There are 2 protein chains.
Amino acid sequence: MISQKMIKLINNNSVIRAMFEEGNRLAKEFGRENVFDFSLGNPSIPSPPSVNEAIIDIVKTEEPLALHSYMNNAGYPAVRETIAKSLNKKHGTAFTESNIIMSSGAAGGLNVVLKTLLNPGDEVVVISPYFVEYGNYVGNYDGELVAVPANRVDFQPHMETMCQAITKKTKAVIINSPNNPTGAVYSESTIKELSKLLTDKSNVYGSPIYIVSDEPYRELAYDGTEVPYITKYYKNTLVCYSWSKSLSLPGQRIGYIVVPSEADDYELIFDAASIATRTLGFVNASALIQRVVAKCIDEQTNIEAYDTNRKLLYNNLKDLGFEISEPKGAFYLWLKTPGDDKDFAKAALKYNILVVPGSAFTCAGYARIAYCVSKQTIENSLPAFEKLANELGVKK
Amino acid sequence: MISQKMIKLINNNSVIRAMFEEGNRLAKEFGRENVFDFSLGNPSIPSPPSVNEAIIDIVKTEEPLALHSYMNNAGYPAVRETIAKSLNKKHGTAFTESNIIMSSGAAGGLNVVLKTLLNPGDEVVVISPYFVEYGNYVGNYDGELVAVPANRVDFQPHMETMCQAITKKTKAVIINSPNNPTGAVYSESTIKELSKLLTDKSNVYGSPIYIVSDEPYRELAYDGTEVPYITKYYKNTLVCYSWSKSLSLPGQRIGYIVVPSEADDYELIFDAASIATRTLGFVNASALIQRVVAKCIDEQTNIEAYDTNRKLLYNNLKDLGFEISEPKGAFYLWLKTPGDDKDFAKAALKYNILVVPGSAFTCAGYARIAYCVSKQTIENSLPAFEKLANELGVKK
């Protein structure tokens, strides 16, 4: 028989696939424009034109053999240096190329970091609701996932529960701010409290607990909300960044890992992560796309468009009487469902609205509404949401 | 402490790194053109111009959002269909898109396949000498590597030894033809014997043993040597292909997995491998490069240039008295070292010749000489090889 771990994943996968197929069926029956698909975290804003210009420029000017050849597993030193300098300028850090490892998106980076850190049985704390792939990533390296609920007001991590969840087996805490699925941005005071807690616990247990900061949404923050740069508050932070959202490049698989020099076991971690990049089969992040992101280091996607969507959908759904914690980042609304979240998703389907039930993020009683769609889709969906609110007896 | 598995790899890695650094030191001291670096399997022939033309054409014509967005984890259906048709035309197979999963090169494909197949303790047979990364890939999924020596005449697998090595725990046999490091191409009779052996053993143990065919060198065969297409001989074959060598694209990480419909557990394997592509963090092979290889499906690198190198180096080293089994594929010579292989590599270094000792492929007493270099480098190296032969007392 094939891998038993994989058989389990196939069974879990069928729920999401069923939903995806239902969306396609609805689109076929009613036309794509009459289906309000808020289920996918796929950027709706095209990359800035400079991305395609960079690709063409690089292909036309780079020496052909060098353009497509291998490089260090960690990536081109010049690209890593460009990234380090950009981070230093934005955040007042002091990184060099020796702190940056290019990765195949944040998903690739997270796998490399967990492969680097975990011994079998090590615990990794996540804050629920959370992106369920974390469980698979941790399971790949025989770690144990420990989920700690965020508070239910603004979905910041709850320090007392965190404190109880951390044991001498805890090797890492994965955080994700701006957050998928809640849209929460962890405040500076949250980061300070978390840093203090982990410093204390590391001292008590005599071994470092790492923060693994999953940051595909770093630039997507609204209303002037600050997104603290975690390495400045806690030295044992490994950042996994991705350009999937900030440059709308999810299909090209490009990101990086930050390993701060002051992190415990810095040298071991940097070397191990470079080698893990190779032995997991990534070998290196795409040579061409590495050069592209370096050339576009000061570019970003049209965040205002997402913000317009956010306000439009949030305000209208609030007006309809839905209960939502105002999202400050990413491109998700996290709605408290009037009843069971799976029933809510089913009821929404009747009006051609696709959302993901909170259970898919291990947090029943909520639904994730991804507003990375066209403004037109949101506008067209509002009457459907109104019918849904009426059916469910949501009070204005 | 970080992952103990990774600590071991860091220690192993230092040997190769030391060699790489020695090469750089020599280049600095004597000039890159006076160092004969035969240590790396990095293509020396640029990609055909159609590759860069395809990149520019795709970027200019594809809708920007679609160009960079996510797709199915298995890859674009149209790209997979193009590959299936190309294979069918070349090999008389009957594949469709449902038999193809796009991967991040063969290294990515091998990890996905092993993740899909292996339960802890499953054995994977490899034929030595072998690419040592196989050990790491198998170890990633807690499999056990079992190495079986090839014969020492033409480095085909030795069936009697294979027969003894296969147990009820054997889940897969990795083969690599054309072979790194020996340059051997497995003959049709080898493949037929191996297929018969594995069919018999699968029947005896009541569970399928898969061939995992690692094929980055498939197109690099010389003197009209046929490279049998393994799925035609053995249904339980999973092919891991890469364009790293055939289109000189190693830095872009692009390849595919073939899962034949007639393979046992076809559907489970196809689904699991698609999901493993996601959960290992690849998510999908680069969107842009997928489209590029589809557009360049009938292109290939300048094989004649490698063949010229092969003949030039092989004939001259034979004339100097070195013992070499004539390589029929890939871009490596496998030389029997007059004494200890590490001593040979050290002696070669004195003449600015870099080769990899056979021990690095778990086969002492040999050295791998990668002739994917310029013809000029080979011509310039011949006097150095002559001095080496004289020093070692090699008889003409």
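For the structure itself, consult the block above.
Let us look at the structure shown here. These numbers were taken from a predicted model, which means no experiment stands behind them.

Rules used in this analysis
- Residues numbered from 1 in each chain as written.
- Chains lettered and ligands numbered in written order.
- Predicted model: local features only at pLDDT ≥ 70, side-chain atom pairs only at ≥ 80, totals over all residues.
- Heavy atoms only, no water.
- Least-squares fit on C-alpha atoms with pLDDT ≥ 70 in both.
- Contact = heavy atoms within 4.5 Å.
- Buried < 20%, exposed > 50% of the residue type's maximum accessible area, 1.4 Å probe, protein only.
- Helix = DSSP H or I, 4+ residues; strand = E, 2+ residues; numbered from the N terminus.
- Polar contact = N/O pair within 3.5 Å; in protein donor to acceptor, adjacent residues only side chain to side chain.
- Phe/Tyr/Trp six-rings, centres within 6.5 Å; stacked < 30°, edge-to-face > 60°.
- Lys NZ or Arg CZ within 6 Å of the ring centre and 35° of its normal.
- Buried area = accessible area lost by both parts, 1.4 Å probe.
- Salt bridge = Lys/Arg side-chain N within 4 Å of Asp/Glu carboxyl O.
- Pairing = 2+ DSSP bridges.
- Axes fitted to C-alpha atoms, helices over the stretch in contact; angles between N-to-C directions.

1. Concerning the relation of the copies chain B and chain A
Note on the identical chains: chain B maps onto chain A by a rotation of 180° and an axial translation of 0.0 Å, with an RMSD of 0.0 Å. As the rotation angle and translation indicate, the two copies are arranged about a two-fold axis. When each C-alpha of chain B is compared by its distance to the rotation axis, Ile56 of chain B comes out closest, at 2.9 Å. By residue overlap, the copies meet face to face through one surface: 100% of the interface positions of chain B are interface positions in chain A.

2. Quick notes on helix α6 (residues 133-140) of chain B
Two residues of an α-helix separated by three or four positions point the same way, owing to the 3.6 residues in each turn. Residues and elements named next belong to chain B. Counting buried residues along α6, six of its eight residues qualify, which places the element largely inside the surrounding structure. Regarding α6, the residues found buried are Glu133, Tyr134, Asn136, Tyr137, Val138 and Asn140. The first or second residue beyond α6 is Asp142, which carries a positive phi of 60°.

3. Examining the side chain of Ser246 of chain B
All names here are of chain B. By the secondary structure assignment, Ser246 is in the loop between β7 (237-242) and β8 (255-258). Residue Ser246 is classed as buried on the basis of its relative accessible area, which comes to 3%. Within the local environment of Ser246, its side chain forms a polar contact with the side chain of Tyr241, the two groups lying 2.8 Å apart.

4. Thoughts on the packing of aromatic side chains
For the structure shown, the criterion picks out 35 aromatic pairs over all chains. Judged by centre distance (5.1 Å) and plane angle (55°), the rings of Tyr306 of chain A and Phe331 of chain A are tilted. Here Tyr306 of chain A is found in helix α11 (residues 303-319), whereas its partner Phe331 of chain A is found in the loop between β9 (323-324) and β10 (332-336), with 25 residues between them in sequence. Classification of Tyr306 of chain A as buried rests on a relative accessible area of 0%. In this structure Phe331 of chain A comes out as buried when scored by relative accessible area, which is 0%. Between Phe322 of chain A and Phe344 of chain A, the ring centres sit 6.2 Å apart and the planes meet at 85°, which makes this aromatic pair edge-to-face. Separated by 22 residues along the polypeptide, Phe322 of chain A in the loop between α11 and β9 and Phe344 of chain A in helix α12 (residues 341-350) bring together distant segments of the chain. Just as Phe322 of chain A is buried, Phe344 of chain A falls in that class too. Among the aromatic residues, those joined into a ring-pair cluster are Phe155, Trp334, Phe361 and Tyr366 of chain A. One cation-aromatic arrangement involves Lys336 of chain B over Tyr366 of chain B; the distance from NZ or CZ to the ring centre is 5.9 Å.

5. Quick notes on the interface of chain B and chain A
Taken together, the contacts link 73 residues of chain B with 73 residues of chain A. Summed over both partners, the interface of chain B with chain A buries about 6000 Å², with 57% contributed by carbon and sulfur atoms. Of all residues in chain B, Ile2, His68 and Tyr70 of chain B bury the most surface against chain A, accounting for 12% of the area lost on that side. Taken together, the connections running from chain B to chain A amount to two salt bridges. Its salt-bridge partner being Arg278 of chain B, residue Glu133 of chain A comes within 2.9 Å of it at the nearest N-O pair. Our count for the contact surface shared by chain B and chain A stands at 46 residue pairs in polar contact (both at pLDDT 80 or more). Where the side of chain B that touches chain A is concerned, the elements lending two or more residues are α1 (4-30), α2 (49-61), α3 (64-68), α5 (105-117), α6, α9 (266-279) and α10 (287-295) of chain B.

6. So, the sheet that holds β10 of chain A
What holds strands together in a sheet is hydrogen bonding between their backbones, with the strands either parallel or antiparallel. Residues and elements named next belong to chain A. The sheet built from four strands is open, its strands ordered β9-β10-β13-β12 with antiparallel pairing. For this open sheet the edge positions go to β9 and β12 (356-357), each flanked by a neighbour on one side alone. The pairing of β9 with β10 spans two bridges and is antiparallel. Looking at β10, one finds that Glu323 is bridged to Lys336. Contacting β9, β10 and β13 (366-370), α11 crosses the sheet at an angle of about 15° to β10.

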